Amino acid sequence: MTEAMYLDNPYLDLAEATVTAVGTDGGLYVDRSIFYPQGGGQPGDSGSIEWGTGFRTNIKNAIYSSDRSSILLVPEENQDLPEFGQTIIQHVDWARRHALMRMHTAMHLLSVVLPYPVTGGQVGIEEGRLDFDLPEGETVEKVSATEALNALIRADHAVTTEWITDAELAANPTLVKTMKVKPPTGAGRVRLVRIGTDIDLQPCGGTHVKSTGEIGEMHIAKIESKGRINRRVRLRFGPPAEAA
Ligand SMILES: [Zn+2]
């Protein structure tokens with residue numbers, strides 16, 4: 001079992017851990033991880049670990065074990081690796097991770113601006129995309145949607161998390177109605193990410209910034225048709241290129 005430290009504190013970019021196993025492919029199982037393991041449309045973190053007498057090993061990704069109980073740090077090839085029981089110091093590539101946190105949080109806001117069913121998505125360091133099913137005849141206008149998104153960002157709404165049990169969820173059916181995405185049940189409990197008091201509420205296991213102002217200006221770069229009603233909306237940092 002790996003303690004997922006990034007869940008309670010996504011701002012940790014340095015923390016000690018112990019190697020609990022070394023996989024046959026060199027993956028390092030750790031007892032606690034500040035590296036986010038790839039999943040839920042968000043890439044895994046990269047960075048490095050320090051160990052022993054001055055060793056440093058570059059980490060190119062983090063992933064879940066096949067049963068999802070543990071997190072493995074995936075080293076780059078041809079490096080010295082720590083052994084079972086070794087204490088390590090984890091360093092997350094913070095510039096990259098913070099960009100992913102800003103983009104990920106912006107994508108929650110995009111789902112507020114475009115309140116349509118989301119059919120897919122991917123967070124990236126330069127671009128994030130969400131796929132929406134639009135009602136028949138509905139269109140998305142790039143400039144006005146970008147303006148609405150930036151208004152939500154500038155309002156600097158707090159981003160908070162809360163945990164709910166399957167039983168609590170079952171006892172509060174109205175909660176599901178207020179959420180964009182119905183949380184999965186069966187795992188016992190689920191983490192909800194809330195923006196403002198009631199701007200957005202949805203189950204999510206990713207990493208987010210603590211308030212929307214930290215995202216900074218964003219723009220919708222492109223809207224593509226991916227079928228009769230499906231639209232792929234691409235989000236990028238900063239002002240649109242023509243206005244920059
Ligand atoms: Zn999220």
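Each remark here, short or long, concerns the structure printed above.
Residues numbered from 1 in each chain as written. Predicted model: local features only at pLDDT ≥ 70, side-chain atom pairs only at ≥ 80, totals over all residues. Heavy atoms only, no water.

Undergrad: I tried to follow the coordination of the zinc ion on my own but got confused; where do I start?
TA: Geometrically, a metal with four donors at the corners of a regular tetrahedron has ideal angles of 109.5 degrees, and one with six donors at the corners of a regular octahedron has ideal angles of 90 or 180 degrees. Distances from the zinc ion to its protein donors, namely His104 (NE2), His108 (NE2), Cys204 (SG) and His208 (NE2), fall within the range 2.0 to 2.1 Å. Each of the 4 donor atoms bound to the zinc ion contributes to angles spanning 100 to 126°, and the resulting shape is tetrahedral. When the donor residues of the zinc ion are listed from N- to C-terminus, their spacing reads H-x3-H-x95-C-x3-H. Taken together, the residues span about one helical turn, with His104 and His108 both in helix α2 (residues 94-113) at a distance of 4 residues. (Donors = N, O, S within 2.8 Å, 3.2 Å for Na, K, Ca; no water. Tetrahedral: all angles 85-135°; square planar, octahedral: opposite > 155°, others 65-115°. Helix = DSSP H or I, 4+ residues; strand = E, 2+ residues; numbered from the N terminus.)

Undergrad: Would you mind showing me how to read the packing of aromatic side chains here?
TA: Two measures describe an aromatic ring pair: the distance that separates the ring centres and the angle between the ring planes. Tallied over the entire structure, the rule returns 3 aromatic pairs. Taken together, a centroid distance of 5.3 Å and an interplanar angle of 80° make the contact between Tyr6 and Tyr36 edge-to-face. Taken as a pair, Tyr6 in helix α1 (residues 5-8) and Tyr36 in the loop between β4 (32-33) and β5 (47-51) lie far apart in primary sequence, 30 residues in all. Summarising the burial analysis for this pair, Tyr6 and Tyr36 share the class buried. Aromatic side chains Trp51 and Phe55 sit 4.5 Å apart centroid to centroid with 15° between the ring planes, which places their arrangement in the stacked category. Its end group placed over the ring of Tyr64, Arg68 keeps NZ or CZ at 4.0 Å from the ring centre. Over the ring of Trp163 we find Arg189; its NZ or CZ atom is 3.8 Å from the centre of that ring. (Phe/Tyr/Trp six-rings, centres within 6.5 Å; stacked < 30°, edge-to-face > 60°. Buried < 20%, exposed > 50% of the residue type's maximum accessible area, 1.4 Å probe, protein only. Lys NZ or Arg CZ within 6 Å of the ring centre and 35° of its normal.)

Undergrad: Can you walk me through the sheet that holds strand β11 (residues 159-165) in this structure?
TA: Backbone hydrogen bonds hold the strands of a sheet together, and the pairing may be parallel or antiparallel. Strand order in the open sheet made by the 3 strands is β11-β12-β13, with antiparallel pairing throughout. The open sheet has two edge strands, β11 and β13 (200-203), and neither has a second partner. On average, adjacent strands in this sheet sit at an angle of 25° to one another, irrespective of strand direction. Bridge count between strand β12 (residues 189-195) and β13: 4 bridges; the pairing is antiparallel. Within β13, the position partnered with Ile195 by the bridge is Asp200. Of the strands in this sheet, β11, β12 and β13 touch α2, which is tilted by about 115° from β13. (Pairing = 2+ DSSP bridges. Axes fitted to C-alpha atoms, helices over the stretch in contact; angles between N-to-C directions. Contact = heavy atoms within 4.5 Å.)

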